Amino acid sequence: MTLSSLLNDENFISPIIISLKVAVSATILSFVLALLLHYLLSRKYFKGKTILEAIIMMPMVLPPTVVGFLLLILFGKQSVMGRFIDLLFHQPIIFTIYAAITASTLVALPLMYQSIKIGIEQIPENLYHVAQLDGASKFRMFTHITLPLSRAALLTGTLLAFARAIGEFGATLIFAGNIPGVTETMPTAIYVAIENNDLHLAYAWVFIMIVMSFFMMIATQRLRK
């Protein structure tokens, strides 16, 4: 199978496009959620803060199949959340691209949250005190102090979250399924290709993911330096 025939093969291109859509969406959502969660949790200590942070980090250590199962329970047709979504959008979220995005966001969030937390907490507190004395608003401090000084950590978190999202398999397979042209990402497509002994497609997708992961890790290492 030639490169030209692969690029013209919808069965080959579709999982790549879906993977990129899911990974980009999950990275943006995890970035926003991580920033919001860090802002809420860093303001002051309260009972249950440690437990809440542990819950945020749990998808990083839980088997992806467990995460997918929990999402099925949470967003299933018999759940309160599932019924609300069905009522609002007239269709369930399960086995849609939104399910794939949700699963990828959940597993990418811990990496993003941890990177943001480390980056922001390394900023000296006296910079904020000086800015307050000069009359700077919280938004101005965020845009002129927090973002610039934690830029490397934010970019690192973004790269790691994207890499985690684009490689997500277990939670996506259980919660979103493997529907060609709808929820079939590269990891799930590789699994099916191996099962069908279609090694040419499997090799091609594996090569793409290896190259992407390699360059993202190189970029991450450079940012850390």
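Residues numbered from 1 in each chain as written. Predicted model: local features only at pLDDT ≥ 70, side-chain atom pairs only at ≥ 80, totals over all residues. Heavy atoms only, no water.

Turning our eyes to something else, we now look at the side chain of Thr146. Residue placement: Thr146 occurs in helix α8 (residues 138–149). Exposure remark for Thr146: the relative accessible area of 8% places this residue in the buried category. A polar atom in the side chain of Thr146 sits 2.8 Å from the side chain of Tyr128. (Helix = DSSP H or I, 4+ residues; strand = E, 2+ residues; numbered from the N terminus. Buried < 20%, exposed > 50% of the residue type's maximum accessible area, 1.4 Å probe, protein only. Polar contact = N/O pair within 3.5 Å; in protein donor to acceptor, adjacent residues only side chain to side chain.)

At a closest axis distance of 9 Å, the pairing of helix α11 (residues 186–195) and helix α12 (residues 199–224) adopts a crossing angle of 150°. As summarised for this structure, α11 and α12 are arranged roughly antiparallel, according to the angle between their axes. Once α11 is placed against α12, the crossing between them reads as left-handed. Between α11, through Met186, Pro187, Ala189, Ile190, Ala193 and Ile194, and α12, the contact on the second element is made entirely by Leu201, Ala202, Trp205, Val206, Ile208, Met209 and Met212. A breakdown of the residues in the contact of α11 with α12 according to their chemical character gives 13 nonpolar, no polar and no charged. (Axes fitted to C-alpha atoms, helices over the stretch in contact; angles between N-to-C directions. Parallel < 35°, antiparallel > 145°, perpendicular 65-115°, else oblique. Left-handed = near helix turned anticlockwise from the far one by under 90°. Contact = heavy atoms within 4.5 Å. Nonpolar A, V, L, I, M, F, W, Y, C, P; charged D, E, K, R; others polar.)

Turning our eyes to something else, we now look at the UniProt feature "transmembrane region" (unreviewed entry) in the protein chain. Residues annotated by UniProt as "transmembrane region" (unreviewed entry) correspond here to residues 12–39, 51–73, 93–113, 152–179 and 199–219. With 74% helix and 0% strand, the stretch residues 51–73 has end C-alpha atoms that lie 21 Å from each other. Between the end C-alpha atoms of residues 93–113 there is a gap of 25 Å, over a span that is 81% helix and 0% strand. (UniProt positions renumbered as here; feature names shortened; annotations may be inferred.)

Here Glu168 is to be found in the loop between α9 (151–166) and α10 (170–175). The spacing of Glu168 and Pro187 is 19 residues in sequence and 6.9 Å in space, taken between C-alpha atoms. Excluding its chain neighbours within four sequence positions, the residues that come into contact with Glu168 are Pro64, Ser104, Val107, Thr185 and Pro187. At a separation of 3.1 Å, a polar atom in the side chain of Glu168 contacts the side chain of Arg164.

Attention now goes to the pattern of salt bridges. Close approach of charged atoms lets side chains of opposite charge pair. All chains considered together, the criterion is met by 2 salt bridges. A salt bridge links Lys117 to Glu53, with the nearest nitrogen and oxygen atoms 3.3 Å apart. In this pair, Lys117 sits in helix α6 (residues 97–121) while Glu53 sits in helix α3 (residues 49–57), placing the two residues 64 residues apart along the sequence. Each member of the pair, Lys117 as well as Glu53, is classed as buried. The salt bridge partner of Glu168 is Arg164, with a shortest N-O separation of 3.1 Å. Here Glu168 falls in the buried class, since its relative accessible area comes to 2%. (Salt bridge = Lys/Arg side-chain N within 4 Å of Asp/Glu carboxyl O.)

Another aspect to go through is unusual backbone geometry. Residues other than glycine seldom take positive phi values, yet His90 does so here, at roughly 60°. Here His90 is to be found in the loop between α5 (80–89) and α6. Classification of His90 by relative accessible area gives exposed; the value is 69%. Notably, Asn197 is not glycine yet its phi reads approximately 60°, a positive angle. Examined against the element boundaries, Asn197 turns out to sit in the loop between α11 and α12.

Membership of the largest hydrophobic core comes to 30 residues, with the highest contact counts inside it found for Phe12, Ala34, Tyr113, Ile116, Ile166, Met186 and Trp205. Those elements that provide at least two residues to this core are α2 (10–42), α3, α6, α9, α11 and α12. When residues in this core are grouped by element, the largest group, 7 residues, is from α2. Discounting chain neighbours no more than four positions away, the residues touching Ala34 are Leu109, Met112, Tyr113 and Ile116. Grouped together as the second largest cluster of nonpolar side chains are 16 residues, Val22, Leu71, Val107 and Ala176 included. (Core = buried A, V, L, I, M, F, W, Y, C linked by side-chain atoms within 4.5 Å.)

What follows deals with the UniProt feature "domain: ABC transmembrane type-1" (unreviewed entry) in the protein chain. According to UniProt, the "domain: ABC transmembrane type-1" (unreviewed entry) feature falls on residues 16–218. The distance from the first to the last C-alpha atom of residues 16–218 is 22 Å, and the span holds 77% helix and 0% strand.

Turning next to α8. Counted at 1.5 Å a residue, the expected span for α8 with its 12 residues is 16 Å, and the 15 Å between its end C-alpha atoms agrees. Those residues of α8 that sit buried are Met141, Ile145 and Thr146. The buried residues of α8 occupy an angular sector of 85° when the element is viewed end-on, so they sit on one face. Next to the buried residues of α8 lie α6 and α7 (125–133). (Expected span 1.5 Å × (residues − 1). Arc of directions from axis to C-beta.)

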